[in-house]
Amino acid sequence: MAIIHHTTVKPTKLELLTTWLPTRPWYVGGGTPELAKAGGFRLDDPEGEVGVEFMVAVDTSGPAPVAYHVPLTYRGAPLPGAEHALVGTMEHGVLGPRWAYDGTHDPVLRAELLALIEGRAQAMAQSITDTPDHEVARSYTGPGLGAASHPVQVTDDRHGTTFPAPDGTTLRIHRVLDPTAPDTRPEAATGHVAGAWQSPDGARVRAVFAALYS
């Protein structure tokens with residue numbers, strides 16, 4: 001069970017993302033983003049060592065708001081071989097130094113996301129300890145996925161992020177969320193995860209966060 005500490009974090013996650021997001025091929029903004037944390041959920045690391053968060057950050061710097069899906073992991077020490085995936089370092093008021101990573105490159109997040117899709121893990125509230133997030137939906141119609149392998153080839157492009165699942169399927173992480181599209185399992189997908197966030201106009205909206213394709 002992850003314990004949510006309500007304390008200071010310096011720099012903040014949004015400050016780190018303000019610098020990091022424009023370096024991503026799927027970033028659709030034209031300059032420096034103006035970010036607000038709008039929603040998301042967490043997953044528990046079975047070993048209790050790694051924080052796993054799926055954050056939705058809304059950028060209001062352009063003519064229309066854009067919701068970015070940013071999976072992040074937080075570690076108490078550097079993840080070996082993942083220097084390229086480091087979003088930044090923070091000082092946590094309770095836990096001390098924390099290394100924040102693009103979670104798609106972290107084997108703990110990949111394993112727990114696949115477990116969520118398959119129904120072996122429970123989505124948890126983003127900011128409340130030991131509380132399930134019932135707004136998160138998931139589905140899966142294939143055989144057992146098995147254990148996530150490490151390392152894997154993680155690919156970023158303008159459409160999002162992909163990496164292979166252990167059964168040979170491909171998991172696509174939706175980075176720019178589309179609340180106008182159905183939040184059910186996409187056609188041709190064997191599994192998916194969908195979640196919710198707060199839009200700038202106050203509406204509660206939903207979209208597909210990730211989908212598994214054969």
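Rules behind the numbers
- The residue numbers shown here count from 1 along each chain, following its written sequence.
- Per-residue local features are limited, in this predicted model, to residues with pLDDT of at least 70; the limit for side-chain atom pairs, both in listing and counting, is 80 or more; totals at the level of whole chains, interfaces and linings are taken over all residues.
- Excluded from the side-chain calculation are hydrogens and water; included are all heavy atoms of the structure.
- Helix and strand labels come from DSSP, where a helix needs a run of H or I of at least four residues and a strand needs a run of E of at least two; each type is numbered from the N terminus.
- All radius of gyration figures rest on C-alpha atoms, and the globule criterion is 2.2 Å times the number of residues raised to 0.38.
- Exposure categories follow from relative accessible area, calculated using a 1.4 Å probe and restricted to protein chains: below 20% of the type maximum is buried, above 50% is exposed, and the middle band is partly exposed.
- The contact definition used throughout considers only heavy atoms, calling two residues in contact when any of these lie within 4.5 Å.
- Counting rule applied: Lys, Arg positive; Asp, Glu negative; His and chain ends not counted.
- Charged side chains are reduced to one point each, which is NZ for Lys, CZ for Arg, CG for Asp and CD for Glu.
- Whether two strands pair comes down to DSSP finding at least two bridges between them.
- As used here, the arc belongs to the directions running from the helix axis to the C-beta atoms.
- Between Lys or Arg on one side and Asp or Glu on the other, a salt bridge is scored when a side-chain nitrogen of the former is within 4 Å of a carboxyl oxygen of the latter.
- pLDDT: the predictor's confidence for each residue, scored from 0 to 100.
- The criterion for an aromatic pair is that two Phe, Tyr or Trp rings (for Trp, the six-membered ring) have centres within 6.5 Å, with stacked assigned to planes under 30 degrees apart, edge-to-face to planes over 60 apart and tilted to the rest.

1. A look at the overall build of the protein
Of the regular secondary structure elements, the protein holds two helices and 12 strands. Secondary structure of the protein in N-to-C order comes out as β-α-β-β-β-β-β-α-β-β-β-β-β-β. Its C-alpha atoms give the protein a radius of gyration of 16 Å, near enough to 17 Å, the size a compact globule of 214 residues would have. Over its C-alpha atoms, taken along the principal directions, the protein stretches across nearly 45 × 40 × 30 Å. The 214 residues of the protein split such that 47% are buried. A separation threshold of at least 6 residues defines the contact pool for the protein, and within that pool the share at least 24 residues apart is 57%. Charge separation in the protein, taken as the distance between the mean sites of 16 positive and 24 negative side-chain charges, equals 1 Å.

2. A short note on the environment of L17
Along the polypeptide, L17 turns up in helix α1 (residues 13–20). Here the alpha-carbon distance between L17 and V87, two residues 70 residues apart in the chain, equals 7.3 Å. Ignoring sequence-local partners within four residues, the contact set of L17 consists of P22, L35, M55, A57, V70, L72 and V87.

3. Here we look at the pairing of strand β12 (residues 204–213)
Within β12, seven of the 10 residues are buried, leaving the element largely enclosed by the surrounding structure. Across four bridges, the pairing between strand β10 (residues 170–173) and β12 is antiparallel. Bridging from a neighbouring strand, L171 pairs with L212 of β12. Note that strand β11 (residues 189–198) and β12 share nine bridges and pair antiparallel. Within β12, the position partnered with H192 by the bridge is A211. The turn joining β11 and β12, which pair antiparallel and follow one another in sequence, is formed by five residues; a positive phi near 95° is taken by G202.

4. Some remarks on unusual backbone geometry
For D130, which is not glycine, the phi dihedral falls at a positive 55°. Checked against the element boundaries, D130 lands in the loop between α2 (107–118) and β7 (137–140). Of note in this structure, A188 is not a glycine but carries a positive phi near 80°. For A188, the location among the structural elements is in the loop between β10 and β11. Judged by relative accessible area, A188 falls into the exposed class, the value being 60%.

5. Focus on α1
Each full turn of the α-helix corresponds to 3.6 residues, which orients residues three or four apart in the same direction. Taken as a whole, α1 has its buried residues at L16, L17 and W20. Taken down its axis, α1 places every buried residue within 95° of arc, on the same side. Contacts from the buried residues of α1 go to β2 (35–43), β3 (51–59), β4 (66–75), β5 (86–92) and β6 (96–102).

6. So, the pattern of salt bridges
The full count for this structure, using the stated rule, is 10 salt bridges. K13 is the salt-bridge partner of E53, the closest N and O atoms lying 2.9 Å from each other. Taken together, the residues span a long stretch of sequence, with E53 in strand β3 and K13 in helix α1 at a distance of 40 residues. Across the pair D183 and R206 runs a salt bridge whose closest N-O atoms are separated by 2.5 Å. Taken together, the residues D183 in the loop between β10 and β11 and R206 in strand β12 connect sequence positions 23 residues apart.

7. Some words on the confidence of the model for the protein
Per-residue confidence for the protein gives a mean pLDDT of 93, with 95% of residues at or over 70. Ranking the elements of the protein by mean pLDDT puts strand β1 (residues 9–10) last with 79 and β4 first with 98.

8. A look at the packing of aromatic side chains
Considering all chains together, one arrives at six aromatic pairs under this definition. Taken together, a centroid distance of 5.9 Å and an interplanar angle of 65° make the contact between W20 and W26 edge-to-face. Like W20, the residue W26 is buried in the burial classification. Judged by centre distance (5.5 Å) and plane angle (25°), the ring pair of Y27 and Y68 falls under stacked. Of this pair, Y27 sits in the loop between α1 and β2 while Y68 sits in strand β4; the two residues are 41 residues apart in sequence, bridging distant segments of the chain. Exposure remark for Y27: the relative accessible area of 11% places this residue in the buried category. Site record: aromatic cluster; members linked through ring pairs are W20, W26, Y27 and Y68.

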